[in-house]
Amino acid sequence: KPKQTNQDLQDSIKPQKVEFHSLNFNTTLHWQPGWAREARDALYFVQYKVYGQSMWQNKDECWGISSHVCDLTHETSDIQEPYYSRVRAALAGVYSNWTLSCRFTPWRETVIGPPTVTVAHSNKSITVKLQAPRSPYKRKRGSKIPMTNYYDLLYQVFIINNSLDGQHRVLVYEGKEKVIEIQDLRPGVSYCIVAKMYMPMLDHSSAYSSRQCTVLQ
């Protein structure tokens, strides 16, 4: 059997599929290990830069790590800028070449999450309270800035009448109000509320929130 060369090892531990994942500007870099069985024991080194810069920056917390994920939220906080990242692997003193990510522009590519929904009911109506998803970026006083600061977003609220068909969602509200009341509902009926964030400019929606259900007395 021919001896495995350093070049073979370099190629076989090189990280695969280096990708940015981002939800509400919480941004992580993910990759998969090289195809060699030994790649399970490799350590990884992450660098990043803004598009157009010549110098790569080391990400100190992801320098010689065994994990396949690296948090770059802080490093990608200029949300209009395009970023790149790259990863390489090391094993037994051998370093792979760098694997480059695609270009990532947070404002364009982050996924906007659903709102948080709470419901309260009286005998014929349901009051829905909505809270926009929060970014990781903080105001001076420490509260996290909501995603509605960065995008023109509307709330969409849907009601599900469980006595009819638990899958059928009816849009009952679209707008920016954080507290809405749904009236003329039937006592004794079980209703669920779901909501999502909607971006009219791009005709783009978040996933649905989790269901909040109530039975009118």
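Reading the values: rules and limits
- Residues numbered from 1 in each chain as written.
- Predicted model: local features only at pLDDT ≥ 70, side-chain atom pairs only at ≥ 80, totals over all residues.
- Heavy atoms only, no water.
- Helix = DSSP H or I, 4+ residues; strand = E, 2+ residues; numbered from the N terminus.
- Rg over C-alpha atoms; globule rule 2.2 N^0.38 Å.
- Buried < 20%, exposed > 50% of the residue type's maximum accessible area, 1.4 Å probe, protein only.
- Contact = heavy atoms within 4.5 Å.
- Areas by Shrake-Rupley, 256 points an atom, 1.4 Å probe, with all protein chains shown as cover.
- Lys, Arg positive; Asp, Glu negative; His and termini not counted.
- Charge placed at Lys NZ, Arg CZ, Asp CG, Glu CD.
- Disulfide = S-S within 2.5 Å.
- Phe/Tyr/Trp six-rings, centres within 6.5 Å; stacked < 30°, edge-to-face > 60°.
- Lys NZ or Arg CZ within 6 Å of the ring centre and 35° of its normal.
- UniProt positions renumbered as here; feature names shortened; annotations may be inferred.
- Pairing = 2+ DSSP bridges.
- Axes fitted to C-alpha atoms, helices over the stretch in contact; angles between N-to-C directions.
- Core = buried A, V, L, I, M, F, W, Y, C linked by side-chain atoms within 4.5 Å.
- Polar contact = N/O pair within 3.5 Å; in protein donor to acceptor, adjacent residues only side chain to side chain.

## Digging into the overall build of the chain
When helices and strands are tallied, the chain shows two helices and 18 strands. Against the compact-globule benchmark of 17 Å for 217 residues, the chain has a radius of gyration of 24 Å, which places it well outside the compact range. Reported as C-alpha extents along the three principal axes, the dimensions of the chain are approximately 80 × 45 × 30 Å. Per-residue burial over the chain gives 44% buried out of 217 residues. The contacts of the chain with a sequence gap of at least 6 include a subset with a gap of at least 24, amounting to 60%. Accessible surface computed for the chain: about 12700 Å², of which carbon and sulfur atoms make up 48%. Side chains of the chain carry 26 positive and 19 negative charges; the gap between the two charge centres is 3 Å.

## Concerning the state of the cysteines
Evaluation of the coordinates by the stated rule reveals two disulfides. Disulfide pairing is shown between Cys-62 and Cys-70; the S-S distance is 2.1 Å. On the sign convention where negative means left-handed, the S-S torsion of about 95° between Cys-62 and Cys-70 marks this disulfide as right-handed. Considered together, Cys-62 and Cys-70 belong to a single accessibility category, that of buried residues. Across the disulfide from Cys-192 sits Cys-213; the S-S distance is 2.0 Å. Disulfide Cys-192-Cys-213: the torsion about the S-S bond is 100°, which places it as right-handed. Separated by 21 residues along the polypeptide, Cys-192 in strand β16 (residues 190-199) and Cys-213 in strand β18 (residues 212-215) bring together distant segments of the chain.

## Observations regarding the packing of aromatic side chains
If you walk through the whole model with that rule in mind, you get 10 aromatic pairs. Through a chain of ring-to-ring contacts, the aromatic side chains of Phe-25, Trp-107, Tyr-137, Tyr-150 and Tyr-151 assemble into a single cluster. Its end group placed over the ring of Trp-98, Arg-86 keeps NZ or CZ at 4.3 Å from the ring centre. The ring of Tyr-208 carries the charged tip of Arg-169 above its face, separated from the ring centre by 3.8 Å.

## Let's talk about the UniProt feature "domain: Fibronectin type-III" (unreviewed entry) in the chain
Under the UniProt annotation, the feature "domain: Fibronectin type-III" (unreviewed entry) is placed at residues 8-98. The straight-line gap between the two end C-alpha atoms of residues 8-98 is 15 Å; of that span, 7% is helix and 51% is strand.

## A look at the sheet that holds strand β9 (residues 116-121)
In spatial order, the strands read β9-β10-β15; together these three strands make up an open sheet with antiparallel pairing. Looking at which strands have only one partner, the edges of the open sheet turn out to be β9 and β15 (179-182). Taking the axes of each pair of neighbouring strands and ignoring which way they run, one obtains an average angle of 25° across the sheet. Judged from the four bridges that link them, strand β10 (residues 126-131) and β15 form a sheet pairing that is antiparallel. Opposite Ile-126, over in β15, you have Ile-182 as the bridge partner.

## As for the nonpolar core
Counting residues in hydrophobic clusters, the biggest one holds 27 residues, and the most contacted among them are Ile-126, Val-128, Val-157, Ile-182 and Ile-193. Contributing elements (two or more residues each) for this core: β10, β13 (154-161), β15 and β16. Apart from the residues lying within four places of it in its own chain, the contact partners of Val-157 are Leu-130, Val-170, Leu-171, Val-172, Tyr-173, Ile-180, Ile-182, Ile-193, Val-194 and Ala-195. Residues Phe-20, Tyr-44, Val-46 and Leu-91 belong to the second largest nonpolar core, which totals 21 residues.

## Side note on the side chain of Glu-75
Within the secondary structure layout, Glu-75 lies in the loop between β5 (69-71) and β6 (83-91). A distance of 3.0 Å separates a polar atom in the side chain of Glu-75 from a polar atom in the side chain of Lys-59. With sequence-adjacent residues up to four places away left out, Glu-75 is seen in contact with Tyr-48, Lys-59 and Tyr-83.

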